[in-house]
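Residue-level listing of the chains:
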Amino acid sequence: MRFDVVTLFPELFGPFLSTGMMGRAVASGALTVRLRSPREFGIGRHRSVDDTPYGGGSGMVMRVDCLVDCLESLDADAPEGVRAHRVLMTPQGAPFRQATAIALSTRPAVSLICGRYEGFDDRVRAFVEEEVSLGDFVLTGGEVAAMAVVDACVRLLPGVLGNAESATHESHSPALGGQLEYPQYTRPVEFRGARVPDVLQNGNHAHIEAWRRAEAERRTAERRPDLVLPRNEPR
Ligand code: SAM
(Lines give C-alpha, C1' and ligand atoms only; values in the text may rest on other atoms or scores of the structure.)
Protein backbone atom coordinates (compact mmCIF):
# COMPACT_ATOMS: atom_id res chain seq x y z
CA MET A 1 0.00 0.00 0.00
CA ARG A 2 1.15 3.50 -0.75
CA PHE A 3 0.59 6.69 1.23
CA ASP A 4 1.24 10.10 -0.31
CA VAL A 5 1.53 12.68 2.46
CA VAL A 6 1.17 16.36 1.71
CA THR A 7 2.95 18.17 4.52
CA LEU A 8 4.96 21.30 5.15
CA PHE A 9 7.07 19.24 7.59
CA PRO A 10 8.14 16.01 5.85
CA GLU A 11 11.04 15.68 8.30
CA LEU A 12 8.54 14.80 11.07
CA PHE A 13 7.96 11.43 9.39
CA GLY A 14 11.59 10.23 9.42
CA PRO A 15 11.76 8.38 12.77
CA PHE A 16 8.12 7.31 12.51
CA LEU A 17 8.71 5.50 9.21
CA SER A 18 12.02 3.94 10.16
CA THR A 19 11.14 2.53 13.60
CA GLY A 20 9.57 -0.75 14.71
CA MET A 21 6.68 -2.13 12.71
CA MET A 22 6.55 0.87 10.33
CA GLY A 23 10.25 0.44 9.56
CA ARG A 24 9.72 -3.27 8.87
CA ALA A 25 6.69 -2.56 6.66
CA VAL A 26 8.74 -0.08 4.60
CA ALA A 27 11.72 -2.48 4.40
CA SER A 28 9.49 -5.36 3.24
CA GLY A 29 7.81 -3.23 0.57
CA ALA A 30 4.35 -3.61 2.19
CA LEU A 31 4.33 0.16 2.78
CA THR A 32 5.56 2.90 0.45
CA VAL A 33 5.35 6.54 1.54
CA ARG A 34 5.90 9.57 -0.63
CA LEU A 35 6.21 12.87 1.24
CA ARG A 36 5.72 16.10 -0.66
CA SER A 37 5.60 19.67 0.56
CA PRO A 38 3.23 22.28 -0.87
CA ARG A 39 6.21 24.62 -0.38
CA GLU A 40 7.61 23.20 -3.64
CA PHE A 41 4.61 24.86 -5.30
CA GLY A 42 4.74 28.04 -3.18
CA ILE A 43 4.37 31.55 -4.54
CA GLY A 44 7.20 34.00 -5.11
CA ARG A 45 10.71 34.21 -3.76
CA HIS A 46 9.64 32.99 -0.33
CA ARG A 47 7.54 30.15 -1.75
CA SER A 48 4.56 31.26 0.33
CA VAL A 49 1.85 28.69 0.84
CA ASP A 50 -0.44 30.72 3.11
CA ASP A 51 -2.14 34.08 3.15
CA THR A 52 -4.45 36.20 5.29
CA PRO A 53 -8.13 35.23 5.41
CA TYR A 54 -10.67 37.10 3.28
CA GLY A 55 -13.08 38.90 5.57
CA GLY A 56 -10.41 39.38 8.23
CA GLY A 57 -9.65 37.38 11.32
CA SER A 58 -6.63 35.93 13.01
CA GLY A 59 -3.95 33.69 11.54
CA MET A 60 -3.12 32.50 8.06
CA VAL A 61 -4.95 30.16 5.71
CA MET A 62 -3.30 27.57 3.44
CA ARG A 63 -3.66 28.51 -0.23
CA VAL A 64 -5.73 26.19 -2.42
CA ASP A 65 -3.54 26.63 -5.51
CA CYS A 66 -0.34 25.39 -3.83
CA LEU A 67 -2.18 22.42 -2.31
CA VAL A 68 -3.86 21.38 -5.55
CA ASP A 69 -0.61 21.77 -7.51
CA CYS A 70 1.04 19.49 -4.96
CA LEU A 71 -1.74 16.88 -5.22
CA GLU A 72 -1.65 16.98 -9.01
CA SER A 73 2.11 16.56 -9.08
CA LEU A 74 1.71 13.44 -6.91
CA ASP A 75 -0.80 12.10 -9.42
CA ALA A 76 1.46 12.99 -12.35
CA ASP A 77 4.36 10.87 -11.13
CA ALA A 78 2.37 8.22 -9.25
CA PRO A 79 4.08 4.81 -9.36
CA GLU A 80 2.37 2.57 -11.93
CA GLY A 81 -0.06 5.44 -12.57
CA VAL A 82 -2.06 4.57 -9.42
CA ARG A 83 -3.75 7.79 -8.32
CA ALA A 84 -4.30 8.07 -4.56
CA HIS A 85 -7.67 8.36 -2.81
CA ARG A 86 -7.43 11.83 -1.26
CA VAL A 87 -8.13 12.38 2.43
CA LEU A 88 -8.12 15.79 4.04
CA MET A 89 -6.98 15.73 7.67
CA THR A 90 -9.25 18.15 9.52
CA PRO A 91 -11.04 18.42 12.88
CA GLN A 92 -14.17 19.01 10.78
CA GLY A 93 -13.99 15.53 9.18
CA ALA A 94 -15.65 12.24 10.01
CA PRO A 95 -14.19 10.73 13.21
CA PHE A 96 -11.42 8.24 12.43
CA ARG A 97 -12.48 4.74 13.53
CA GLN A 98 -11.25 1.18 13.07
CA ALA A 99 -13.83 0.86 10.28
CA THR A 100 -12.18 3.83 8.53
CA ALA A 101 -8.78 2.15 8.85
CA ILE A 102 -10.16 -1.12 7.48
CA ALA A 103 -11.72 0.67 4.49
CA LEU A 104 -8.63 2.77 3.72
CA SER A 105 -6.29 -0.20 4.05
CA THR A 106 -8.03 -1.95 1.14
CA ARG A 107 -7.06 0.89 -1.22
CA PRO A 108 -3.83 0.68 -3.20
CA ALA A 109 -2.94 4.31 -2.52
CA VAL A 110 -4.19 7.01 -0.14
CA SER A 111 -3.05 10.61 0.12
CA LEU A 112 -3.25 12.40 3.45
CA ILE A 113 -3.33 16.18 3.28
CA CYS A 114 -2.01 17.84 6.42
CA GLY A 115 -2.96 21.40 7.25
CA ARG A 116 -1.15 23.96 9.38
CA TYR A 117 -1.92 27.50 10.56
CA GLU A 118 -5.69 28.19 10.64
CA GLY A 119 -6.36 25.39 8.18
CA PHE A 120 -7.25 25.24 4.49
CA ASP A 121 -8.87 27.56 1.98
CA ASP A 122 -12.28 25.85 1.82
CA ARG A 123 -12.04 25.34 -1.95
CA VAL A 124 -9.56 22.49 -1.43
CA ARG A 125 -12.54 20.38 -0.31
CA ALA A 126 -13.65 20.03 -3.94
CA PHE A 127 -10.37 18.18 -4.67
CA VAL A 128 -10.59 15.45 -2.02
CA GLU A 129 -12.70 12.33 -1.65
CA GLU A 130 -12.93 12.24 2.13
CA GLU A 131 -12.34 14.33 5.27
CA VAL A 132 -11.10 12.63 8.44
CA SER A 133 -10.69 13.87 11.99
CA LEU A 134 -8.54 12.18 14.61
CA GLY A 135 -11.00 13.31 17.29
CA ASP A 136 -12.84 16.22 18.77
CA PHE A 137 -9.81 18.34 19.56
CA VAL A 138 -7.58 20.68 17.58
CA LEU A 139 -3.98 19.85 16.75
CA THR A 140 -1.39 22.31 15.51
CA GLY A 141 -1.07 20.39 12.27
CA GLY A 142 -2.36 17.32 10.46
CA GLU A 143 0.89 15.34 10.70
CA VAL A 144 0.19 13.54 13.99
CA ALA A 145 -3.27 12.65 12.70
CA ALA A 146 -1.77 11.40 9.42
CA MET A 147 0.72 9.22 11.32
CA ALA A 148 -2.15 7.71 13.30
CA VAL A 149 -3.98 6.88 10.07
CA VAL A 150 -0.87 5.33 8.47
CA ASP A 151 -0.16 3.29 11.62
CA ALA A 152 -3.73 1.99 11.99
CA CYS A 153 -3.92 1.03 8.28
CA VAL A 154 -0.49 -0.54 7.92
CA ARG A 155 -0.94 -3.03 10.78
CA LEU A 156 -3.98 -4.36 8.88
CA LEU A 157 -2.00 -5.13 5.73
CA PRO A 158 -1.38 -8.83 5.08
CA GLY A 159 1.95 -10.00 6.46
CA VAL A 160 2.77 -6.85 8.43
CA LEU A 161 1.92 -8.19 11.89
CA GLY A 162 3.69 -11.41 12.83
CA ASN A 163 0.41 -12.95 13.92
CA ALA A 164 -2.50 -11.99 11.65
CA GLU A 165 -4.95 -12.69 14.50
CA SER A 166 -3.44 -9.80 16.47
CA ALA A 167 -5.05 -7.35 14.06
CA THR A 168 -8.40 -9.07 13.84
CA HIS A 169 -9.02 -9.94 17.51
CA GLU A 170 -8.62 -6.68 19.33
CA SER A 171 -10.59 -3.69 20.52
CA HIS A 172 -12.94 -2.20 17.90
CA SER A 173 -12.37 -5.05 15.43
CA PRO A 174 -15.32 -6.72 13.67
CA ALA A 175 -14.19 -10.12 15.07
CA LEU A 176 -14.93 -8.83 18.58
CA GLY A 177 -18.17 -7.26 17.40
CA GLY A 178 -16.62 -3.80 17.69
CA GLN A 179 -16.27 -4.27 21.47
CA LEU A 180 -13.25 -3.61 23.65
CA GLU A 181 -10.78 -6.44 24.10
CA TYR A 182 -10.93 -8.71 27.17
CA PRO A 183 -8.23 -8.25 29.87
CA GLN A 184 -4.83 -9.78 29.07
CA TYR A 185 -2.13 -11.02 31.45
CA THR A 186 1.40 -12.40 31.32
CA ARG A 187 3.97 -13.50 33.92
CA PRO A 188 4.31 -13.18 36.88
CA VAL A 189 1.22 -15.09 37.94
CA GLU A 190 0.97 -12.92 41.06
CA PHE A 191 2.01 -9.28 41.41
CA ARG A 192 1.56 -7.49 44.74
CA GLY A 193 -1.44 -9.61 45.61
CA ALA A 194 -3.10 -9.40 42.18
CA ARG A 195 -3.37 -12.87 40.62
CA VAL A 196 -3.94 -13.90 37.04
CA PRO A 197 -7.50 -15.34 36.93
CA ASP A 198 -7.45 -19.15 37.41
CA VAL A 199 -9.56 -19.75 34.31
CA LEU A 200 -6.69 -18.54 32.10
CA GLN A 201 -4.32 -21.05 33.64
CA ASN A 202 -6.40 -24.23 33.46
CA GLY A 203 -5.90 -24.86 29.72
CA ASN A 204 -9.62 -25.37 29.06
CA HIS A 205 -10.08 -23.42 25.83
CA ALA A 206 -13.86 -23.45 25.90
CA HIS A 207 -13.83 -21.92 29.40
CA ILE A 208 -11.19 -19.39 28.40
CA GLU A 209 -13.22 -18.35 25.33
CA ALA A 210 -16.41 -17.97 27.40
CA TRP A 211 -14.58 -15.95 30.08
CA ARG A 212 -13.03 -13.67 27.47
CA ARG A 213 -16.35 -13.07 25.74
CA ALA A 214 -18.04 -12.21 29.03
CA GLU A 215 -15.18 -9.93 30.13
CA ALA A 216 -15.17 -8.11 26.77
CA GLU A 217 -18.90 -7.49 27.10
CA ARG A 218 -18.60 -6.36 30.73
CA ARG A 219 -15.67 -4.07 30.01
CA THR A 220 -17.36 -2.53 26.97
CA ALA A 221 -20.60 -1.89 28.85
CA GLU A 222 -18.68 -0.30 31.73
CA ARG A 223 -16.26 1.85 29.77
CA ARG A 224 -17.94 2.46 26.45
CA PRO A 225 -21.70 2.00 26.71
CA ASP A 226 -21.91 3.92 23.42
CA LEU A 227 -20.39 0.85 21.69
CA VAL A 228 -23.03 -1.55 22.99
CA LEU A 229 -25.72 -2.19 20.43
CA PRO A 230 -29.01 -3.96 20.96
CA ARG A 231 -28.57 -7.65 20.04
CA ASN A 232 -28.68 -8.53 16.32
CA GLU A 233 -28.31 -4.93 15.19
CA PRO A 234 -25.59 -4.68 12.49
CA ARG A 235 -22.58 -2.62 13.49
N1 SAM B 1 -9.12 26.38 12.11
C2 SAM B 1 -9.30 24.97 11.88
C3 SAM B 1 -10.69 24.56 12.35
O4 SAM B 1 -11.19 25.15 13.29
O5 SAM B 1 -11.25 23.59 11.78
C6 SAM B 1 -8.25 24.15 12.63
C7 SAM B 1 -6.88 24.34 12.06
S8 SAM B 1 -5.66 23.36 12.90
C9 SAM B 1 -4.93 24.53 13.97
C10 SAM B 1 -4.42 23.14 11.69
C11 SAM B 1 -4.48 21.82 10.96
O12 SAM B 1 -4.24 20.76 11.87
C13 SAM B 1 -5.76 21.45 10.27
O14 SAM B 1 -5.89 22.07 9.00
C15 SAM B 1 -5.70 19.96 10.17
O16 SAM B 1 -4.98 19.52 9.04
C17 SAM B 1 -4.92 19.59 11.42
N18 SAM B 1 -5.78 19.12 12.51
C19 SAM B 1 -6.07 19.77 13.64
N20 SAM B 1 -6.89 19.05 14.42
C21 SAM B 1 -7.12 17.89 13.77
C22 SAM B 1 -7.89 16.74 14.05
N23 SAM B 1 -8.61 16.64 15.17
N24 SAM B 1 -7.91 15.73 13.15
C25 SAM B 1 -7.19 15.84 11.99
N26 SAM B 1 -6.44 16.91 11.67
C27 SAM B 1 -6.41 17.92 12.53
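Computed from a prediction, not measured in an experiment: that's the story for all the values here.

1. Side note on empty space enclosed by the protein
Then comes step 1: Across all of its chains, the model carries one cavity of 30 Å³ or more by this definition.
Then comes step 2: Of the pockets and cavities examined, the largest cavity occupies roughly 30 Å³.
Then comes step 3: Forming the walls of the largest cavity are Asp4, Leu71, Leu74, Asp75, Ala84, Arg86 and Ser111.
Then comes step 4: Here the element with the most residues in the lining of the largest cavity is helix 3 (residues 64-76); it accounts for three residues.
Then comes step 5: Within the lining of the largest cavity, the residues separate by chemical class into three nonpolar, one polar and three charged.

2. Focus: the packing of helix 4 (residues 98-105) against helix 5 (residues 143-154)
Then comes step 1: At a minimum axis separation of 8 Å, helix 4 and helix 5 run at an interaxial angle of 70 degrees. On the basis of their axis angle, the class for helix 4 and helix 5 is roughly perpendicular. Contacts between helix 4 and helix 5 involve Ala101, Leu104 and Ser105 from the former and Val149, Ala152 and Cys153 from the latter.
Then comes step 2: Across the contact of helix 4 with helix 5, the residue classes break down as five nonpolar, one polar and no charged.

3. Looking at the pattern of salt bridges
Then comes step 1: Tallied over the entire structure, the rule returns 19 salt bridges.
Then comes step 2: The shortest N-O distance in the salt bridge between Arg2 and Asp4 comes to 3.0 Å. Comparing Arg2 with Asp4, the two get one shared label, buried.
Then comes step 3: With a shortest N-O distance of 2.8 Å, Asp77 and Arg34 are connected by a salt bridge. Of the two residues, Asp77 sits in the loop between helix 3 and strand 5 (85-95) while Arg34 sits in strand 2 (residues 32-36), which places them 43 residues apart along the sequence.
Then comes step 4: Members of the salt-bridge network, linked through shared partners, are Arg2, Asp4, Arg34, Arg36 and Asp77.

Here is what the cut-offs are and how they apply
Residues numbered from 1 in each chain as written. Predicted model: local features only at pLDDT ≥ 70, side-chain atom pairs only at ≥ 80, totals over all residues. Heavy atoms only, no water. 1 Å grid on protein atoms, 1.4 Å probe; cavity = no way out; pocket = protein on both sides within 12 Å on 5 of 7 lines; lining within 4 Å. Points joined across faces, edges and corners; volume = space filled by probe spheres on them. Helix = DSSP H or I, 4+ residues; strand = E, 2+ residues; numbered from the N terminus. Nonpolar A, V, L, I, M, F, W, Y, C, P; charged D, E, K, R; others polar. Axes fitted to C-alpha atoms, helices over the stretch in contact; angles between N-to-C directions. Parallel < 35°, antiparallel > 145°, perpendicular 65-115°, else oblique. Contact = heavy atoms within 4.5 Å. Salt bridge = Lys/Arg side-chain N within 4 Å of Asp/Glu carboxyl O. Buried < 20%, exposed > 50% of the residue type's maximum accessible area, 1.4 Å probe, protein only.

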